[in-house]
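Analysis of the macromolecular model
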Amino acid sequence: MDCKHSRSLTFQGVFRVHVEMLLSAQTFVGQVLVILVFVLSIGSLIIYFINSTDPFGSCSSYQDKTIPIDLTFNAFFSFYFGLRFLAADDKVKFWLEMNSIVDIFTIPPTFISYYLKSNWLGLRFLRALRLLELPQILQILRAIRTSNSVKFSKLLSIVLSTLFTAAGFIHLVENSGDPWLKGRNSQNISYFESIYLVMATTSTVGFGDVVAKTSLGRTFIMFFTLGSLVLFANCIPEMVELFGNKRKYTSSYEVVKGKKFIVVCGNITVDSVTAFLRNFLRHKAGEINTEIVFLGEVPPSLELETIFKCYMAYTTFVSGSALKWEDLRRVAVDSAEACLIIANPLCSDSHAEDTSNIMRVLSIKNYYPNTRVIIQILQSHNKVFLPKIPSWNWNTGDNIICFAELKLGFIAQGCLVPGLCTFLTSLFIEQNKKICPKEPWQKHFFSGLKNKILTQRLSDDFAGMSFPDVCRLCFVKMHLMLIAIEHKSVCHGYCGLILNPPAQVKLRKNTLGFFIAESAKDVKRAFFYCAVCHSDVYTPELIGKCSCKSKNPRHKTGTTVTVMRNSGREHSGPKTQDSSPATPMSMASNLSLTTRAFLYEMERESDHLDSSGMFHWCKATPLDKMILNRTEKSKHEFRNHIVACVFGDAHSTLMGLRNFVMPLRASSYTRQELKDIVFVGSLDYLQREWRFLRNFPQIYILPGSALYSGDLHAVNIEECSMCAVLSSPSKSSSSPTLVDMEPIMATLNIRSLRISCSAQTPSKPRCTRCFSDNPGKSKYRRIPILTELKNPSNMHFIEQLGGMEGDLSGMSLHLSTSFATGTVFSGSFLDSLLATAFYNYHVLELLQMLVTGGISSQLEQHLDKEKFCGPNDSYSTVSPGRMRCKLGLLALNQTILSDIQPRRTFGQIFCGSLDNLGVLCLGLYRMIDEEERNPEHKRGVYAGVEGAGHAQARGPKRRHSV
C-alpha cells in the first residue's frame, strides 16, 4: 500500500509540473491559452451587454443563439479553471485569486440559467475584470514595446474595468431592488444608463436625470464616489500626460537655417542637466545663440521637465537613443555644431559607463563621420579606443575629458606644490553668489576667484618679440598675465602649446595667447595693442582699437578666438602692480640660468626615461619587492615623501593610480627631485593597480589602512611633504554623504596626529609650521594633508576639523577656508569642462598639460603609440620632451628669488623674476592672518594680479613657479 501511495503522489507531482509548464506564459501553448481565455472573456462580456437589453431575469428563448455560445465559452473557462487549480502550488491561495473569483461568480450562473431557461444576468459583469490582463496580452502580441506604452495600457485597463464593473453592479441592484423589500423599489434601468450614472458620479456632476433608488445602490454610490475620486484623479492625468508626451518627445527636431544647435546625450538627469546648463549658459543675457537638444533614453521626470520649461528658450528634449540611427536622424546630428556626451561620475560601474558612451560615439561617427564629438570618460585606460575610430579627428574639435586623469592629476600637482590644485581649480569655477568677506584674507582670496583662463589672438605688433618681453609688456601696460602661447615646432612638425617659452622662441603673426584675466573685454587689449599708438599709454582701459590699425592691412589678418570663460564682471578700477607688498606664484622655464647643468643632468639620466622623454621610467619591478613591512620601519626611513591613502578592495573599480603617479614622475624634474610615493591601502586592490605602476621608480606599498594610526606611523607620515587622501572607488550608496565616509574618517585620524617640532627635518624650517594650544607648552605641528571629496557638500565635515575662526558658514566648498588653504579638493567642477571644450578646446588642452605632466592630444598623435612608455632609444628623443616648464613653490628667501630687488609688491617680483630668471610668477601662497589669529600658520592661495597685488607680505613668503 505504501508503495502504491508513493507512486500515486509521484504521478500527481509529475502531472502537476507538466500542467504548470503547459500554462506558463513563457511557452507557446501557454501564451495561446492566455490569449484565448482573454478573447473569450471579452466575447462573454459582449454577450452580457447584449442580454442586458432584455428585461432582467426574463425567460430565454430557443431562438436566442447567444445562450449556447456563452455556454460554450464558460465550458472552456471551466476546463481552464481546472488546469489552473491542478498547477497551483497553494490550493487555498488559488481560491482567493481575482481570476478564480471571477470564474466562481460567472461560470455557475450561466449553466443554471441554461438549465432553468431563465436569462438571469447575475454577476456576469465581473467578466470586465479580465480587462486588467490587457497589457500582458498586448506584450505577448508585441503590440507594445516601450515602458510608456505598457504604463498607458495598464492605466487604461484599470479605468475601463472599474467603470464596467461598477456599472454592472448598479444595473444588478437597481433592477433587482433591495432584498428585504422583495424588489418593490426596483427600477427598470439599462446597462447604458448604469454607465451614464457611474460616469456622472465619477465626475461629481450629477444631473439627476438618472439616479439610484435602492438603498444598496445609493450606499454603493457613496463609497464609489470616494474611491473614484482617488483612482481617476491619479490615472486620468497620467494617461493624458503619457499620451501627450508620446507626441511631444517623439517628434523630430526642426532645423532652422542659420540657427546653431548642439546635441547632448548620455546621462540626462536632473543633476547633470542643471550642471551643464549652468556652465553652458554662463554668458550675458542675449549672447547665447546656440540651442541645446537633449537626447534622452527615458522621458523626463516632472522635475526635469520643470528645468526644461525654465530654459525653454535654449533647450529641447527628444526621447531616443544615440545608438539608433533613426533617433540620430530625428535630432539632426548631421547638422549639429557638436554632439556632447555626459557621463555619470557617481555610477557603480565605471567601465560599463565608459563602454556605453564609447558605443554612442561609434554610432554617431558611423551615422555622420564629420560630427564633432566631445565625450566625458571616467577611466583613463578607456581613452585608447576613441582615437582608433576611423573618423575621429582631433583637429576638427573631437575631444576627450577624462575624469580620472584630470582629477588625480590635480591632486598630484597639489602634492608637489601645496595649494596649486586650489589655484588651478579657481580658474575654472564660476562664482555667482554675493559674498561679504569678514576677514582681509578672504577679500583677497575671493578677488582672485574672478580670474579665468582666456584665449586671444595677439596683435601682429608682437611678431618677432620674445615671450618674456611680450609677457612683461602685457602685465605692465595691460594688467594681463600671459602664461602660454600656441607655437608650431619646426623640429617636430606639430603645433602645440608652450608654457612660458624661453627667450629663444619668437612670436609670429596671429599667435594665440593664453591669459589669466577677469573678462574677455580685458584680454581684447592684447589684440588691439599698437606699438605706435599705445607706446606711451599705461592705463589699460585706454588700449583699444586705434585708427592706424583700420588703415593698415596687416592688422586685419588676426581673428578672435571664442572665449572660454567669461566671469561677467569688469575691473572695478585701474590696478597698479606695485600698490602694496605681496608674495608670488610663478612659472619657471628650464632654459634659464641653470640650462647647462640641467642639460648635463638630463643627458646623464636619459636611459631612465620612457621613449617620449616625458616621464621617468624603470624596468618592471615585482610587487613583492616594493611591499613594506610595518615591523621593519627602520629599513625605510622616508623623508620628504608623499603618502597616498587609498580605499578599495578586490572587487572595487580601478581608479587609475597611474594618473596620480605620472605627474609626480614627469621628466621636467631631475632624478634627485623625485619624491618617494608610498601607497597605504588594501593589498588586494593595490596589486590590481600594480601592473600600471611597476615601470615607475620609487613606488612603495604598505598593506593597511589610513584609518589605523599604526600604519600611518609605519610609513613615517610625520616626515612626509604631503599626505593625499583619495576618495574611495565608486560604490552604490543610498546617501550622498556616505560616499565620502572613508576619506573624512581618514582625515580625522591624520589631523589628530600631532608631531613634536623636535622632529623637524632640513626640508622643513624649524617652527614655521609649529603651534601650541597653550602658551608655555611644547609646540607641535600638523601633517600637511590634501583630501579629495566626491560630494562637495560634505566639505563642512572637513571644515569642522580646521579650527579656523571667521569661516563663511553655509557657503560652498570653493568659499571655504579648507579650499582656500589647499587642503580639500573636489572634482565636481570638472563637469564645466564639457562646455569649456565646446567653446574653446585650447583651454582644455592647456589644463591637461598643466595637470598630467605635459601630455597633450597633439603630443599623443605625434608620439609612436607602440613605443610610448617604453624605454628610450637615444638622447635625441629625450631632450625635446624634457625642455618644458615645471610647477614649483619657492620661498622669497634662501632661493633664487633672494636677489630680486625691490620685491615689496607682486608686480615687482613678477617683473624681476621674469627679467632675471625667466620665471613666471602666477600668485601667492602666504599666511592668511596674523600669528595670534592663525596659530597653525595656515597659508592661503591668492590667484591672479588683483588678488596678489593687494595682499600684504607677512611671514615667510613663498610662490608657485612653473
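Residues numbered from 1 in each chain as written. Predicted model: local features only at pLDDT ≥ 70, side-chain atom pairs only at ≥ 80, totals over all residues. Heavy atoms only, no water.

**Topic: the overall build of the protein**
Here is the rule: Helix and strand assignments follow DSSP, with helices taken as H or I runs no shorter than four residues and strands as E runs no shorter than two, numbered in order from the N terminus. Here the term buried applies to any residue with accessible area under 20% of the maximum for its type, exposed to any over 50%, and partly exposed to those in between, with areas from a 1.4 Å probe on protein chains only. By definition in these notes, contact holds between two residues if any of their heavy atoms fall within 4.5 Å. Surface exposure here means Shrake-Rupley accessible area, sampled with a 1.4 Å probe, where a residue is shielded only by the protein chains that are shown.
Each helix and strand in the protein was counted, giving 33 helices and 27 strands. Expressed as a percentage of the 962 residues in the protein, the buried residues total 55%. Counting contacts in the protein only where the partners sit at least 6 residues apart, residues at least 24 apart contribute 76% of the total. Accessible area of the protein: about 43,100 Å², with a carbon and sulfur share of 58%.

**Quick notes on the sheet that holds strand β17 (residues 722–725)**
Basically, it comes down to this: Between any two strands, at least two bridges found by DSSP are needed for them to pair. The axes are straight lines fitted to the C-alpha atoms, using for helices just the contacting stretch, and the angles between their N-to-C directions are given from 0 to 180°.
Spatial ordering of the open sheet is given by β16-β15-β14-β17-β21-β22, a layout of 6 strands whose pairing is parallel. Each end of this open sheet is capped by a strand with a single partner; those strands are β16 (699–703) and β22 (824–826). Between one strand and the next, the sheet's axes are offset by a mean angle of 20 degrees, whatever the strand orientation. For strand β14 (residues 642–645) and strand β15 (residues 677–681), the ladder comprises 4 bridges, and the chain directions are parallel. Bridge pairing in β15 places I642 opposite I677. Packed on one face of the sheet, helix α14 (residues 403–416) meets β14, β17, β21 (785–789) and β22 and runs near 165 degrees to β21. On top of the sheet, helix α25 (residues 741–751) reaches β14, β17 and β21; it is set at about 165 degrees to β21, its chief contact.

**A short note on the sheet that holds strand β5 (residues 315–319)**
Strands sit in the order β5-β4-β3-β6-β7-β8 across an open sheet of 6 strands; the sheet is parallel. Edge strands, defined here as strands with exactly one partner in the open sheet, are β5 and β8 (399–402). Sheet twist, expressed as the average angle between the axes of neighbouring strands with direction ignored, equals 20 degrees. Two strands pair when backbone bridges link them, and strand β6 (residues 339–342) and strand β7 (residues 373–377) are joined in this way by 3 bridges, in the parallel orientation.

**Things to note about the pattern of salt bridges**
Operational definition: Between Lys or Arg on one side and Asp or Glu on the other, a salt bridge is scored when a side-chain nitrogen of the former is within 4 Å of a carboxyl oxygen of the latter.
For the coordinates displayed, the defined rule picks out 17 salt bridges. We note a salt bridge from E97 to R84, for which the minimum N-O separation is 3.1 Å. Highlighted residues: E97 in the loop between α4 (91–94) and α5 (98–116) and R84 in helix α3 (residues 66–87), separated in sequence by 13 residues. The structure contains a network of salt bridges with shared partners spanning R84, E97, D103, R127, R130 and E133.

**Quick notes on the pairing of β21**
With 5 of 5 residues buried, β21 is to be regarded as a mostly interior element. Every second residue of β21 is oriented toward a common face, with I785, T787 and L789 on one face and L786 and E788 on the other, all of them buried. Pairing geometry for β21 and β22, over 3 bridges, is parallel. Bridge pairing in β22 places L789 opposite S826.

**A closer look at the packing of α14 against helix α29 (residues 841–852)**
Formally: Roughly parallel refers to an angle under 35 degrees, roughly antiparallel to one over 145, roughly perpendicular to one between 65 and 115, and oblique to any angle outside these ranges. By the definition used in this description, the sense in which the near helix is turned from the far one sets the handedness, with an anticlockwise turn below a right angle giving left-handed and a clockwise turn giving right-handed. For this scheme, ten residues count as nonpolar: Ala, Val, Leu, Ile, Met, Phe, Trp, Tyr, Cys and Pro. Four count as charged, namely Asp, Glu, Lys and Arg, and the remainder, Gly too, count as polar.
Closest axis-to-axis distance for the α14/α29 pair is 8 Å, and the angle between their directions is 50 degrees. The orientation of α14 relative to α29 falls into the category oblique. Between α14 and α29 lies a crossing whose hand is left-handed. In contact with E405, L406, G409, F410 and Q413 of α14, α29 contributes L847, Q848, L850, V851 and T852. Each residue belonging to the contact of α14 with α29 can be placed in one class, and the counts come to 5 nonpolar, 4 polar and 1 charged.

**A few points about the environment of I46**
Assignment of secondary structure puts I46 in helix α2 (residues 28–51). According to the relative accessible area criterion, I46 is partly exposed, its value standing at 44%. Between the C-alpha atoms of I46 and D70, which are 24 residues apart in sequence, the distance is 9.9 Å.

**A few points about the packing of helix α10 (residues 270–280) against helix α11 (residues 302–310)**
For the pair α10 and α11, the least separation of the axes is 10 Å and the interaxial angle reads 15 degrees. As summarised for this structure, α10 and α11 are arranged roughly parallel, according to the angle between their axes. In this structure, the crossing between α10 and α11 has a hand that is left-handed. When α10 is examined against α11, the residues V270, V273, T274 and L277 are found in contact with a partner set consisting of E303, L304, I307 and F308.

**Quick notes on the confidence of the model for the protein**
Caution is warranted with low-pLDDT regions, since their predicted coordinates should not be read in detail. What counts is decided by this rule: Confidence of the prediction at every residue is given by pLDDT, a number between 0 and 100.
Of the residues in the protein, 76% reach a pLDDT of 70 or more, and the chain-wide mean stands at 77. In the predicted structure, residues 553–584 sits below a pLDDT of 50 and forms 126 contacts with residues beyond four places in sequence or in another chain. Every residue in residues 760–768 scores below 50 in pLDDT, and together they form 18 contacts with partners more than four places removed in sequence or on other chains.

**Description of the environment of M745**
The residue M745 is located in helix α25 in this model. M745 gets classed as partly exposed once you look at its relative accessible area, which sits at 43%. Put simply, M745 and L707 are 38 residues apart on the chain and 6.9 Å apart in space, counted from C-alpha to C-alpha.

**Digging into helix α8 (residues 191–202)**
Selection criterion: To estimate how far a helix should reach, multiply one less than its number of residues by 1.5 Å.
Between the first and last C-alpha of α8 there are 16 Å, a value that for 12 residues agrees with the 16 Å anticipated at 1.5 Å per step. Those residues of α8 that sit buried are Y191, S194, L197, V198, A200, T201 and T202. Count one or two residues on from α8 and you reach T204, which has phi positive near 55 degrees.

**Overview of the pairing of β14**
Of the two faces of β14, the one carrying I642 and A644 and the one carrying V643 and C645 are both buried. Note: β14 against β17, 4 bridges, orientation parallel. Counterpart to V643 in the pairing with β17 is C723.

**Looking at the packing of aromatic side chains**
Rules: Geometry of aromatic contacts follows a simple scheme: Phe, Tyr and Trp rings, the Trp one being its six-membered ring, pair when their centres are within 6.5 Å, and the pair is stacked under 30 degrees between planes, edge-to-face over 60, tilted otherwise.
The full count for this structure, using the stated rule, is 32 aromatic pairs. Look at F94 and W95: their rings are 5.9 Å apart centre to centre, the planes differ by 75 degrees, and that puts the pair in the edge-to-face class. A relative accessible area of 41% means that W95 is categorised as partly exposed. Taken together, a centroid distance of 5.7 Å and an interplanar angle of 80 degrees make the contact between W392 and W394 edge-to-face.

**Points about the environment of E673**
Among the structural elements, E673 can be located in the loop between α22 (658–664) and β15. Ignoring sequence-local partners within four residues, the contact set of E673 consists of S668 and K886.

**A short note on the state of the cysteines**
Our working rule: The disulfide definition used here is simple: a pair of cysteine sulfur atoms within 2.5 Å.
Applying the stated criterion across every chain yields a total of 0 disulfides. Looking at C471, it has no disulfide partner, and the nearest cysteine sulfur is the one in C474, 7.0 Å off. Unpaired in terms of disulfides, C921 finds its nearest cysteine sulfur in C911, a separation of 9.5 Å. Looking at C921, the relative accessible area reads 0%, which means it is buried.

**Some points on unusual backbone geometry**
Residues apart from glycine generally show negative phi values, whereas peptide bonds are mostly found in trans. For the bond running from Q901 to P902, omega is -10 degrees, close enough to zero to count as cis. Among the secondary structure elements, P902 is positioned in the loop between β23 (886–891) and α32 (906–917). Phi at N510 takes a positive value of approximately 60 degrees, unusual for a residue other than glycine. With respect to the helices, strands and loops of the structure, N510 is situated in the loop between β11 (495–499) and β12 (512–517). At N640, a position not held by glycine, the phi torsion is positive, near 55 degrees. Inspection of the secondary structure puts N640 in the loop between α21 (623–626) and β14. A relative accessible area of 29% places N640 in the partly exposed class.

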